[in-house]
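Notes for the structure review
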Amino acid sequence: MRLSPRSLTGQLALLILGAFLVAQVISLWLFAGERGEALQSALRLETADRAAAVVLALETTDPVSHPAVLAAARSHHLELELSPSPLTTTATGLEDVRARLTGGLGAARDIGAEEIGISPRDGQPMTPPVALVWVRDRMLAAGVAPTELRLSIPLQDGSWLNLRARNERPDFRLPPAILGTILLSLVLILVALWLGLRRITGPLRQLALTAEDFGIDGPSPAMPQDGPDEVRALSQALERMQARVAGMVADRTRMLAALGHDLRSPITALRLRAEMVEDDETRERMTTTLEEMQDMVEATLAYARGVSSDQPTEPVDLAALLKDLARDLRETGPAVTLGQIDPVTLPLRRTPMRRALRNLIENAQRYGGAATIALHDLEGVVQITIDDTGPGIPEADLARVFDPFTRLETSRSRETGGIGLGLPIAKAIIEAHGGTVLLENRPEKGLRCRITLPRAAT
């Protein structure tokens, strides 16, 4: 399954993976805070036990040996000294340390105890700005900042034992069991995600491919009916939509065909009446108008027939069809030449497709002065190009010319502009075969009409 960042599968995978990683980071942060606090508490109690032992040793030995006792108790993180005054007189907080010292000494004493944050660089007390004091307090509470425990314990001779115990910020080391659990959870989540998304996106992908085969005529393709309930409901909704669209198109086609057919009779009657007009100029104008109306009716019928399925498909030799059209059209208009013509046979509706290609070639003859036709058998598709040497079309009008009754040629002459249904008829016929038609200006000069038909045309 391809996990593209833009696909539904990729987005869900990234979302779930991101949520999992965020949850693990939060869990590790909480674990680190609890672990740091536990280590800090343990170090405090260990320091209290060592301080009680040193006090007892000092009080039971000769003063001459006091320096040796202090030297033996010192370490890299622990400093001890005898002083006539206390280092700290703080009498609140650190109740666990005070209780441990009282228990070790066997009697209550006026013990000073405090814990301050220190700079990791020089070991001096941290004195942040007032606005950042809360940050320091949060770091101290979480055990992620270096601290210094200060104890002042009175001795029986009136002197004080001052003790400084530095607690460096503990290195964060993830236990192998936790790391293994995280990796195992990640693998299980990804496997479950892959299986779940495959069950969802597989039918969705098949549904998208099937929807590409929708046409305005012909039988509706079989929609996938497996997958979750929502996918099956979507398949059924698309089937109903396709049936409604096909029905509306069929109704429109029948209406246009009936309208065009019914208009023939009054036009014919008017033509007969026009022949009885004695004034030659008036009779000629009426006849010209009636001919324009007749052309519009015939074009409307052709447009209606172009999107209908009244003709079955049959194998059509496209190369022979294009050669016949070129031979016929060059006899009645500007030159039509043939370029590369590959042998291609496709299942097509012969008459509508011939009408579509004829309209496009005549358009190149009329506005481009000449037409050059090529047929290419490409991978999976067949491509027909019709090139002319005319002035081309403004880029903004390339798509608009396929709208019904659109004419870029502004004169109202039927000889120069037609009625604006030739290209729409061709486009409707080609799209009914599952193909596409595109107009583009050529860099050298002129216009290119590019027709693409699938190998399995409908």
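Now for a look at the structure at hand.

For the protein chain, the helix and strand inventory stands at 11 helices and 11 strands. Burial analysis of the protein chain (458 residues in total) assigns 36% to the buried set. Considering only intrachain contacts with a sequence separation of at least 6, the fraction spanning at least 24 residues in the protein chain is 67%.

This part is about a nonpolar patch on the surface. On the surface, a cluster of nonpolar side chains totalling about 450 Å² of accessible area is made up of Val 22, Ile 26, Trp 29 and Leu 30. Inspection of the secondary structure puts Val 22 in helix α1 (residues 8–60).

Let us look at the sheet that holds strand β11 (residues 447–454). Overall, mixed pairing links the five strands, which are arranged β6-β8-β9-β11-β10 in an open sheet. The open sheet has two edge strands with one neighbour each: β6 (336–341) and β10 (436–441). Across the sheet, the mean angle from the axis of one strand to that of its neighbour is 15°, orientation sign disregarded. Taken together, the four bridges between β6 and strand β8 (residues 371–377) define a ladder with parallel strand orientation. The residue of β8 that forms the bridge with Val 336 is Ala 371.

To continue, consider the pairing of β10. Here β10 runs beside β11; their pairing, made up of six bridges, is antiparallel. Following the sheet pairing, Leu 439 is matched in β11 by Cys 449. Hairpin connection between β10 and β11: a loop of five residues separates the two successive antiparallel strands, and Gly 446 in this loop has a positive phi of roughly 95°.

For the pair helix α9 (residues 350–368) and helix α11 (residues 422–432), the least separation of the axes is 8 Å and the interaxial angle reads 140°. Classed by the angle they form, the pair α9 and α11 counts as oblique. For the pair α9 and α11, the crossing hand works out as left-handed. From α9, Pro 352, Met 353, Arg 355, Ala 356, Asn 359, Leu 360 and Asn 363 reach across to α11, where they touch Gly 422, Leu 423, Ile 425, Ala 426, Ile 429 and Ile 430. Grouping the amino acids of the contact of α9 with α11 by side-chain chemistry returns nine nonpolar, three polar and one charged.

Here the focus is the packing of helix α8 (residues 318–332) against α9. Between α8 and α9, whose axes approach to 11 Å, the crossing angle comes to 45°. In terms of axis orientation, α8 runs oblique to α9. Here α8 runs over α9; the crossing is right-handed. Between α8 and α9, the residues in contact are Leu 318, Leu 321, Leu 322, Asp 324, Leu 325, Asp 328, Leu 329 and Arg 330 and Met 353, Arg 354, Leu 357, Arg 358, Ile 361, Glu 362 and Gln 365, respectively.

Among the nonpolar cores identified, the biggest contains 40 residues, and Leu 318, Leu 357, Leu 360, Leu 375, Leu 439 and Ile 451 are the most heavily contacted of them. At seven residues, α8 tops the list of elements feeding residues into this core. Look past the residues within four positions of Leu 439 in its chain and what remains in contact with it is Ile 393, Leu 398, Val 401, Phe 402, Leu 423, Leu 447, Arg 448 and Cys 449.

The subject of this paragraph is the sheet that holds strand β4 (residues 160–167). Strand order in the open sheet made by the four strands is β1-β4-β3-β2, with antiparallel pairing throughout. The open sheet has two free edges, formed respectively by β1 (78–83) and β2 (112–117), since each of these has just one partner strand. Sheet twist, expressed as the average angle between the axes of neighbouring strands with direction ignored, equals 15°. Looking at chain direction, β2 and strand β3 (residues 147–154) are connected through six bridges and run antiparallel. Across the sheet, the residue bridging to Gly 117 is Thr 147, located in β3. Seen against the sheet, helix α2 (residues 66–73) touches β1 and β4 and runs at an angle of roughly 160° to β1. Helix α3 (residues 95–105) rests against β2 and β3 of the sheet, and its axis sits at about 40° to β3.

With respect to the element layout, Gln 294 can be found in helix α7 (residues 280–306). For Gln 294 and Leu 263, which are 31 residues apart along the polypeptide, the C-alpha to C-alpha distance reads 8.5 Å. Gln 294 has contacts with Arg 264, Ile 267 and Arg 271, leaving out every residue within four places of it along the chain.

A few words now on helix α6 (residues 229–275). Spacing of three or four residues puts side chains on the same side of an α-helix, whose turn is 3.6 residues. With 47 residues, α6 should reach 69 Å at 1.5 Å per residue; the first-to-last C-alpha distance of 69 Å fits that figure. Listed as buried for α6 are Val 231, Ser 235, Leu 238, Gln 242, Val 249, Thr 253, Leu 256, Gly 260, Ile 267 and Ala 274.

Following the sequence through the fold, Ser 152 ends up in strand β3. Apart from residues no more than four positions distant in its own chain, Ser 152 is found in contact with Pro 86, Leu 87, Thr 88, Asp 110, Ile 111, Gly 112, Trp 160, Leu 161 and Asn 162.

The topology assignment puts Leu 87 in the loop between β1 and α3. In this structure Leu 87 comes out as partly exposed when scored by relative accessible area, which is 26%. The spacing of Leu 87 and Ser 152 is 65 residues in sequence and 5.8 Å in space, taken between C-alpha atoms.

Turning our eyes to something else, we now look at the pattern of salt bridges. Counted according to the given criterion, the structure contains 16 salt bridges. A salt bridge links Arg 442 to Asp 387; the shortest N-O distance between them is 3.7 Å. Residue Arg 442 is located in the loop between β10 and β11, and its partner Asp 387 is located in strand β9 (residues 381–387); the two are separated by 55 residues in the primary sequence. As far as the burial class goes, Arg 442 and Asp 387 line up, both buried. Among the ionic pairs, Lys 427 bridges to Glu 431, the shortest N-O distance being 2.8 Å. Of this pair, Lys 427 and Glu 431 both sit in helix α11, four residues apart, which is roughly one turn of the helix.

The next point concerns the side chain of Asp 387. The exposure class of Asp 387 is buried, given its relative accessible area of 10%. Side-chain polar atoms of Asp 387 contact the side chain of Arg 448, separated by 2.7 Å. Apart from the residues lying within four places of it in its own chain, the contact partners of Asp 387 are Ala 370, Ala 371, Thr 372, Arg 442, Leu 447 and Arg 448.

Scoring rules and cut-offs
Residues numbered from 1 in each chain as written. Predicted model: local features only at pLDDT ≥ 70, side-chain atom pairs only at ≥ 80, totals over all residues. Heavy atoms only, no water. Helix = DSSP H or I, 4+ residues; strand = E, 2+ residues; numbered from the N terminus. Buried < 20%, exposed > 50% of the residue type's maximum accessible area, 1.4 Å probe, protein only. Contact = heavy atoms within 4.5 Å. Patch = residues over 30% accessible without salt bridge, like charges linked within 9 Å, V, L, I, M, F, W, Y side chains within 5 Å. Areas by Shrake-Rupley, 256 points an atom, 1.4 Å probe, with all protein chains shown as cover. Salt bridge = Lys/Arg side-chain N within 4 Å of Asp/Glu carboxyl O. Pairing = 2+ DSSP bridges. Axes fitted to C-alpha atoms, helices over the stretch in contact; angles between N-to-C directions. Parallel < 35°, antiparallel > 145°, perpendicular 65-115°, else oblique. Left-handed = near helix turned anticlockwise from the far one by under 90°. Nonpolar A, V, L, I, M, F, W, Y, C, P; charged D, E, K, R; others polar. Core = buried A, V, L, I, M, F, W, Y, C linked by side-chain atoms within 4.5 Å. Expected span 1.5 Å × (residues − 1). Polar contact = N/O pair within 3.5 Å; in protein donor to acceptor, adjacent residues only side chain to side chain.

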